[in-house]
Structures are given as structure tokens and as C-alpha cells.
Amino acid sequence: MHNIFVLAFEYFKIGTVAIGGGYTVIPFLYYLVEKYKWFNVAEITQMIAISNLTPGPIGINMATFVGIKVGGNIGAALTTIAFLIPSMIIVCSLSKFLKNNKENKYINSIMYGLRPAAVALIGVAGLKIMNTTCFNLQAFKISHNLWDFISLKSLILLAVFSIIGLKLKKNPMILIAIAILVGLVVKI
Amino acid sequence: MTKKITFLKLFWIFFKIGLVLFGGGYAILPFLKAEMVDKEKICTMEEITDFYALSQCLPGLVAGNISMFTGYKAKGVFGALSALAGVCMPAYLSIVIIFSFLSIITGYPIIQNIFEVLDIAVCVLIFLTILELWVFSVFDKFTTFIFILALIASILKISPFIVVISAGMLGIIRHILFPKEKIPSNSNAQGGNNA
């Protein structure tokens, strides 16, 4: 029970600083793994994949997922609500002043500094996933065989998926569906 | 504020939108236009565009924020909450349902293999998101400086909370030190990217 409230509070903090959509939450999931070990790194990518396949905002999918993982149904509800509270307060209070506040210098200044930092954080999260899927340092240390270190199949798939992804632009669903089909036939 | 619409109706409209919303927050715009501009005539397309720009700059989810702004326009604070509950409910329910049988299916080796391939796809999705964000996030000396600083901080395992908050503060400090300088934004690229 204690865990649920700690998680809800962490998610309240994430809801306060994660600006600009679901993917900005990903670096904070790694932070949670490091700090609490409630789930592991492999489960983060599982969450992202499932969140892309299910309807609704990805951030909600992931909050519910983390919540249910750590604290069952109550955990899921509390985490999702805690995540949304900061934006509820901010959007509702801002709506009142919206007319005179369209071009706020301070909001713009914050965003000017914050966006590149968010990109860097998401980039490191992407590199971490690439590291676990394409490289295996542990196996290399034992065998000293380069092909144990680099998973050639994974790297080829990474290249193929990148090309498909660039062609498809804004349809992550199709890429995920293709990956499922590939996973049915190709043994990694 | 229009009184024509009920809270339940508002919830239902956004529930339907949440049900067909896949991927990032950008996907919500055409649905909002169809339901709230064309059908219910609660706001104009200009307002939706303003809400969208603002939603990206505020904490929380783009889709959640824009739903609240539109809901607020229709029915005040409780309208905003009805819209938010509606748009989030399908996402919440689908994960609760999937999770109940996830542990059973992940026992099969074929499913594990699928998830390993999915990891690679997720990796690609993250890099594609970065490409999209890059154009209007990292475009001059100041933003490149912050990007490199945040990259180093993140590799050194400094908490992302500290990274994000200090980056926002650096933006403000720059504005206070050089109040006359304009706040640059790569708005052309942004318009092209999020249309």
C-alpha cells in the first residue's frame, strides 16, 4: 500500500514537469526503475509497445500500466489520476486568463530552454533501448566473440524499421503491427 | 459559454475520440474539428489551433490538455473534467483489460520473441519522435548548448526532474539577462511539422 502512494506522488511530479506529450514521460520511467526497482528496463519497452497498440493517449496507457504493475487496480487508478492533477489545475486556471495570455514571454522562455533538454532525455532513453536490443556486453565478456556482442539481426531490423518508419511518418500503429508479424516469423 | 451540451454528452464525445486516438497527441485535431467545430459548433478552428499550441507548452498530455481547453469552452471547469475523463477512459480501460491476461501470454516463447522485435520498433519510434521534435527544439546556439548539457547530465544519471527544471530556468534567466532580445522559435518548421 505504501508503494502505491509513493508511486502516485512520483507520477504527480512527472505530470508537473513532463511537457509536450507521452514520449517525454519515457526518461522518467527509467528514473523510476533506477530509484525503486518496481519493474525492469525490459518492461518499459513492453509498456511503450502496448501503449502504441491500444487506443488513447500514450501517457495515460503508460501511467495505468505502471500503476497496475506496482499496485493493482487501485494503483492504476491512483497513478493515472495523480498524473493528470497538475495539468487539470493548470489548464482550468489558465482557461480563465486565456484571452490576455496568448503570447506569454515567460512561457515561451521556459519552452525555449526546456525543449532541447527534453529531446536530449528522450534521445538517451532511445539509446538505452538500442543498447539492450542490439548489443550484449555480458555475452561478449564471456566469449570474446564479436558476434555475441553485436546482434546483427537486430541491427538489420533496426535499419529496415527505420526506413519503413520514415516512409510512414505519423502512423506508429502500422510499424508496431509490422514488428508483430516479423516477430512471428523471425527468431531473434 | 454555451449551455446546449450536457456533461454526459461531452464525456461521450471525448470517449469516442479517445477510442479512435492512436499514437501521439497530434492525431486528435481532425476528430476535434469534426465533433466540436463542425457538429456541435462549440468552438472555431482558430480556437482549436490556439488550444493545440498552448497544450504543447503545458505540463501533461497534449491530447488531455486540448480536450480540457475545449471542454472548458463548452461547460467550464466540470466540462473540462468531463472531456478529460472521456478522452482518458478508453486508454485506461484497455490497459486494465490487457494487463489481466498479459502475464499468461508472455509465458510463450513466440510472444517473448514478438516483444523482442517490438523493442526494436519502439527504439525506431523514439528516434522518429526525436527527428520530429528536433526541428523546432534545437535550432540555434542556445538550444544546442542546452541539448549538449542535458545529454551529458542524462548520461551522468542526473535526475530528469533536475534536468528539465534547470533547462526551463535557464530559458527564463536568459530572458531576464537579455530582456530586449527576442525569444527565437523555429515557428515555420513547427507549423510544417504539426499540421
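Everything numeric in this text was worked out from a predicted model, so none of it was measured. (Residues numbered from 1 in each chain as written. Chains lettered and ligands numbered in written order. Predicted model: local features only at pLDDT ≥ 70, side-chain atom pairs only at ≥ 80, totals over all residues.)

**A look at the overall build of chain B**
As a reminder of what qualifies: Runs of E in the DSSP output that reach at least two residues are strands. Runs of H or I that reach at least four are helices, and both are numbered from the N terminus. Buried, partly exposed and exposed are defined by the number of other C-beta atoms within 10 Å of a residue's own C-beta, namely 20 or more, between the two limits, and 12 or fewer respectively, with C-beta atoms placed from the backbone. What counts as a contact here is a pair of residues whose C-beta atoms, placed from the backbone, lie within 7 Å.
For chain B, the helix and strand inventory stands at 8 helices and 0 strands. Each helix and strand of chain B, placed in order from N terminus to C terminus, yields the pattern α-α-α-α-α-α-α-α. Dimensions of chain B, computed from the C-alpha atoms along their principal axes, are close to 55 × 50 × 30 Å. Counting every position in chain B, which comprises 195 residues, the buried fraction comes to 43%. Restricting to contacts in chain B with at least 6 residues of sequence separation, those with at least 24 account for 56%.

**Quick word on the overall build of chain A**
When helices and strands are tallied, chain A shows 9 helices and 0 strands. Oriented by its inertia axes, the alpha-carbon framework of chain A measures out at about 60 × 40 × 30 Å. Burial analysis of chain A (188 residues in total) assigns 47% to the buried set.

**Focus: the domain arrangement of chain A**
Residue and element names in this part refer to chain A. Inclusion rule: Domain delimitation follows an automatic or database domain assignment.
In terms of domains, chain A is made up of domain 1 (2–134) and domain 2 (136–188). Facing the 5 residues of domain 1 at the interface are 8 residues of domain 2. Counting residues per element, the ones that place at least two in the side of domain 1 that touches domain 2 are α3 (41–53) and α5 (105–134). Ranked by residue count, the leading element in the side of domain 1 that touches domain 2 is α3, at 3 residues.

**Looking at the nonpolar core**
Counted only if it meets this: Note on terminology: a nonpolar core is any set of buried Ala, Val, Leu, Ile, Met, Phe, Trp, Tyr and Cys residues joined through C-beta atoms within 7 Å.
By size, the foremost hydrophobic cluster in this structure holds 108 residues, and its most contacted members are Ala117(A) and Ala121(B). The dominant element in this core, judged by the number of residues it contributes, is helix α4 (residues 62–105) of chain B, at 16 residues. With residues up to four places along the chain from it excluded, the contact list for Ala121(B) reads Phe161(A), Leu175(A), Ile176(A) and Ala179(A).

**Details of the confidence of the model for chain B**
Residues and elements named next belong to chain B. The line we're drawing: Each residue carries a pLDDT score, the predictor's own confidence in it, on a scale running from 0 to 100.
Averaged over all residues, the pLDDT of chain B equals 86, while 91% of them reach at least 70. The weakest mean pLDDT in chain B belongs to helix α8 (residues 187–194) at 42; the strongest belongs to helix α6 (residues 141–155) at 95. Throughout residues 188–195 the model reports pLDDT below 50, and contacts reaching past four residues in sequence, or to other chains, amount to 7 contacts. Overall fold confidence for the complex sits at a pTM of 0.84, while the interface term, ipTM, reaches 0.85.

**Here we look at the domain arrangement of chain B**
With domains assigned, chain B is organised as domain 1 (7–105) and domain 2 (109–194). Look at where the C-alpha atoms of domain 1 of chain B and domain 2 of chain B centre, and you get two points 25 Å apart.

**Brief notes about the interface of chain A and chain B**
So the rule is basically this: Note on residue categories: nonpolar means Ala, Val, Leu, Ile, Met, Phe, Trp, Tyr, Cys or Pro, charged means Asp, Glu, Lys or Arg, and polar means any other residue, Gly included.
Each partner contributes to the interface: chain A provides 86 residues, whereas chain B provides 82 residues. If one sorts the elements of the side of chain A that touches chain B by residue count, α5(A) sits on top with 25 residues. Across the side of chain A that touches chain B, the residue classes tally to 53 nonpolar, 27 polar and 6 charged.

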